[in-house]
Amino acid sequence: GVTVVLHDLQPCTVYFLRVAIIRDGEHRNVSEVVSFTTPGCEPDPPLAPTLISRTKNSLNLQWKGCNDNGSKISHFLLEWDEGIGEDFKSCYTGPRKQHKLFKLSPSTKYSFRLAAKNHFGCSNFSETAVFYTSENTPSAPLPPKLKEAGVYSLSLEWCAPTNPNPNDTLTYVLEMKEAKSGLGFKPKYNGEDLSCTVKNLQRNTTYKFRIFAYNLEGRSNPSGEVKYTTRPARPGCPNKPHVVGTIHARQVTIGWDLPKDNGEMKISSYSLEVCENSDAGNLWKIIYSGTLQEFLYDDLQPGTTYKLRVFCTSPAGQSRPSDVLTIQTPALPPESCSSQPLHSKTKGRDVNLLGDSPSHWIKLKYSHKGVHTILTNTSGFYQWRFPACVFQAVNIVGVGMFGGTAKVTTPGTVPAMVPMLQEVENKVPAKQSSTCIAIRWEEPDCHGSQITGYNIEYGDKKIVTVKRVTEYVLKNLQPNTTYRIRIQAINHYGLSPFSPSIRCKTKPLPPEPPQLNCVVYGHQSLRLKWGTVSSKKSRAIFISYNLLMEDRSGRFSVIYRGTDVTHKVQKLTEYTQYKFKIQACNEAGEGPESDIYTFTTTKSPPTALKAPKVHPLNNNCCEIKWETLEPIKGDPIVYCLQVNTGKKAHQIYKGPNTSFSFSNYDANSRYRFKVCAGRQYETFNGLQELWGPYSPSALFSTYKHHSGHDKGSGGKGKGNHSEKGEKCKVGFALIAVLCAVAIQFFSFI
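Here is a short report on the structure shown in this document. Per-chain numbering applies: the sequence of each chain, read as written, is numbered from 1 onward. Reporting in this predicted model follows two pLDDT cut-offs: at least 70 for local features of residues, and 80 or more for side-chain atom pairs to be given and counted; totals over whole chains, interfaces and linings ignore these cut-offs and use all residues. Processing note: side-chain calculations cover all non-hydrogen atoms of the structure and skip hydrogens and water entirely.

On to the overall build of the protein chain, then. Helix numbering and strand numbering both begin at the N terminus, where a helix is a DSSP run of H or I of at least 4 residues and a strand a DSSP run of E of at least 2. Across its full length, the protein chain holds 2 helices and 59 strands. A 1.4 Å probe rolled over the protein chains alone gives each residue an accessible area, and that area as a share of the maximum for its type sets the label: buried under 20%, exposed over 50%, partly exposed in between. Residues classed as buried in the protein chain amount to 34% of the 749 residues present. Restricting to contacts in the protein chain with at least 6 residues of sequence separation, those with at least 24 account for 59%. Accessibility throughout is a Shrake-Rupley quantity obtained with a 1.4 Å probe, and a residue counts as covered only by protein chains that appear here. Carbon and sulfur atoms make up 51% of the accessible area of the protein chain, which totals about 47,600 Å². Whether two residues are in contact is decided by their heavy atoms: any pair within 4.5 Å suffices.

This part covers unusual backbone geometry. Despite not being glycine, Asn476 shows a phi value in the positive range, around 55°. Looking at the element boundaries, Asn476 is found in the loop between β40 (471-474) and β41 (482-491). At Tyr575, a position not held by glycine, the phi torsion is positive, near 50°. Within the secondary structure, Tyr575 sits in the loop between β48 (566-569) and β49 (577-586). Judged by its relative accessible area of 45%, Tyr575 is partly exposed.

Turning to the sheet that holds strand β25 (residues 294-297), a few remarks are in order. DSSP bridges decide pairing: two strands pair if at least two such bridges lie between them. A sheet is described by the order of its strands in space; here 3 strands give the open sequence β21-β22-β25, paired in antiparallel fashion. Two strands bound the open sheet, and with one partner strand each, they are β21 (242-244) and β25. For this sheet the average axis-to-axis angle between neighbouring strands, irrespective of direction, equals 35°. Fitted lines through C-alpha atoms give the axes, limited to the stretch in contact for helices. The angle between two N-to-C directions lies from 0 to 180 degrees.

The next subject is the side chain of Glu574. With respect to the helices and strands, the residue Glu574 is situated in the loop between β48 and β49. Judged by its relative accessible area of 10%, Glu574 falls in the buried class. A polar atom in the side chain of Glu574 sits 2.6 Å from the backbone nitrogen of Ser604. Each residue touching Glu574, except ones within four places of it in the same chain, is listed here: His523, Thr601, Thr602, Lys603, Ser604, Ile632, Lys633 and Arg679. Nitrogen and oxygen atoms within 3.5 Å of one another constitute a polar contact, given that in protein one can donate a hydrogen and the other can accept it, and given that sequence-neighbouring residues count only through two side-chain atoms.

One finds Ile624, Trp626, Tyr639, Leu641, Phe662 and Phe673 to be the most contacted residues of the largest nonpolar core, which totals 20 residues. Of all the secondary structure elements, the ones that give two or more residues to this core are β53 (621-625), β54 (637-644), β55 (649-655), β57 (670-683) and β59 (698-701). Working definition of a nonpolar core: buried Ala, Val, Leu, Ile, Met, Phe, Trp, Tyr and Cys residues. They are joined through side-chain atoms within 4.5 Å.

Moving on, we come to the sheet that holds strand β56 (residues 659-663). With antiparallel pairing, 3 strands are arranged side by side in an open sheet as β52-β53-β56. Strand pairing shows two members of the sheet lacking a second neighbour, β52 (613-617) and β56, which therefore form its edges. Direction aside, the axes of adjacent strands within the sheet are offset by 25° on average. Here 5 bridges tie β53 to β56, and the two strands are oriented antiparallel to one another. Counterpart to Lys625 in the pairing with β56 is Ser659.

It is worth spelling out a nonpolar patch on the surface at this point. Like charges within 9 Å and nonpolar side chains (Val, Leu, Ile, Met, Phe, Trp, Tyr) within 5 Å are joined into patches, using only residues over 30% in relative accessible area that form no salt bridge. Counted as salt bridges are all cases of a side-chain nitrogen of Lys or Arg within 4 Å of a carboxyl oxygen of Asp or Glu. Together, Val2, Val4, Leu6, Leu9, Leu17 and Val34 line one region of the surface with nonpolar side chains, adding up to about 550 Å² of accessible area. Tracing the backbone shows Val34 in strand β4 (residues 34-37). Judged by its relative accessible area of 46%, Val34 is partly exposed.

With that settled, the discussion passes to the packing of aromatic side chains. Each aromatic pair joins two rings of Phe, Tyr and Trp (for Trp, the six-membered one) with centres within 6.5 Å, and gets the label stacked for planes under 30 degrees apart, edge-to-face for over 60, and tilted for any other angle. Within the structure shown, the criterion is met by 26 aromatic pairs. Ring plane angle 45° and centroid distance 5.9 Å describe the contact between Trp256 and Tyr288, whose orientation is recorded as tilted. With Trp256 in the loop between β22 (252-255) and β23 (269-275) and Tyr288 in strand β24 (residues 285-290), this pair connects stretches of sequence that are 32 residues apart. Trp256 gets classed as buried once you look at its relative accessible area, which sits at 2%. What makes Tyr288 buried here is its relative accessible area of 14%. With 6.4 Å between their ring centres and 55° between their planes, Tyr575 and Tyr681 make a pair best called tilted. Of this pair, Tyr575 sits in the loop between β48 and β49 while Tyr681 sits in strand β57; the two residues are 106 residues apart in sequence, bridging distant segments of the chain.

Here we come to the pattern of salt bridges. Side chains that differ in sign of charge can pair as their charged atoms come close. In the structure shown here, the tally under the stated rule is 20 salt bridges. The shortest N-O distance in the salt bridge between Glu192 and Arg503 comes to 3.3 Å. Of this pair, Glu192 sits in the loop between β16 (186-191) and β17 (195-198) while Arg503 sits in strand β43 (residues 502-505), and the two are 311 residues apart along the sequence. On the accessibility criterion, Glu192 (25% relative accessible area) is partly exposed. The exposure class assigned to Arg503 is partly exposed, which follows from its relative accessible area of 37%. Notably, a salt bridge pairs Lys427 with Glu471, separated by 3.4 Å at the nearest N-O pair.

Shape is all these values report; function is a separate question.
This is how it looks when you write it as structure tokens:
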């Protein structure tokens, strides 16, 4: 008999089988079909659980079913390490495919595994899944430290806050404020790195810095504020020096000016240099150093050309030399001199050319190789030839002759690793910086075979192959995303090792413009509002806004630029239409401008009037008068007169007149009158009125008095009746009566 073992069968599955006998390549006999069923067994291992949601103190997990292998799954067993990282313990057993754990610790790592159970037994456990609970907002980081101060830049670095969640990426926002500007902090960096260089600063200027840390839960408190100062610049070079006065045969006075740019530091000294002989090359020597701006150079030779230049020094360093001033001293009449014949002597291979003193000796020395040395008493110039690079044999007798030359070439291989890879800032236009990254690298050693191209790996191991270039722009990337990039070179022999990777981040997309609304209308101002406060404070995304207003020429120009979401436009004209646009900006650049919004200022109300004047008339009547206002831009003015009797106030007149007769008033009463002006104008809804404030009130009293001059008076000025005035008059009357009685009494005595 023949025994056959079948492998890789499925549990609890029906299989059909028959046997064929083959002879000489042909089927001769075929057996009948038989069937068999494999027995059931425990379930297959399920997939690891997945995370639905999380908080600081809870994790909500779910999972899928698995192959039950012939017996329905009765329940699942979920185990965890309790966040300790040791042995697994059961945290759920049951038929459900979801479980939520509570009372967990924030920012803690928890490991889970899952098994399924049926009638035959329990499956093996799934792969281990790791999840973290949410964390608190980061603690405030330490203030940034100064890494390097430049003239126009400051390089800063900082440390991550203590105990960050290793599974959660922190981002940082560095803010800067110029100490003396009076302006607030503005964001200068937003990213995951722990250092940055702030550029385009003013030299020798102090700036304040602080830093925030962000995670998925929000923003930390700011770090402490620190101050750092950019370095002063080296001074600029002075202008070309100039001759002061006349050039003499043996002396001249040279002057120079202050440099146009002192680098924000006081010039500490000037240095004047001279080159005495143009034939000797640029051999410059300093002939003066000091704080003066003139120098008497009295060591000149007649009939000689001199080159002069000047540079200055400050605590920040030394400037470049100025342009060169060339002067020539005048020649003097020749003097008589005695000449002596030259003497030449040869000794061996030396030749001496003798003048009249040892200081003029020149020696020429020769060698057997045809190489010579030129010497004076103070200097020399040497030359020689190298022998050919060949071999020679040596034995006890001596050294043999040099052999012939040979050429050896080492075999080629793959290129060396790319030595430098970096991002090229400002290479990509702002509009494309959300989807493109520009990189640059150095070409490595080709190792004997010319480099033909490069492989650039980025993102999820995507590779793009480029020709033999050293710059490339990666396109079609995701906005606001960090990419790890590395590169390898290609030649005839193969691929070089990958370079170390760098991290580059695309900019976020420029934001869309927000809705613009006018929340307060005035006759000289409009308060506009856009966006929401929450959008301004959203995590690690700083958006600024440009508010544009149409000018008289019909062009829109920016009237506000900043991060606020409201702005009051002032010094406007009443009842006038104004057109606005709004634009949002982020680090990727300026977003599109919005449609035009039109808002109209209101009409201005009339001003407050002075208190009216009250004049009593006969027949129980008085007249109230008030000042007249001129029409406002053609709109007529009406008035409203109000009286208050102490119990209530009511209107007694409304119209264009500036006086009113008030009659049938009660005796022994007090009346207070006040008036306001209104502006009338037509709209599509009909006649409208805009009222100004009420004037101060004027008192009118109808109490009877002994004086004949108290029947009524107007206004609050002289002659007005009041309770205080009435009490004073009564007091004077009593005093007068007492005085009269006293006089009569003393006269009688």
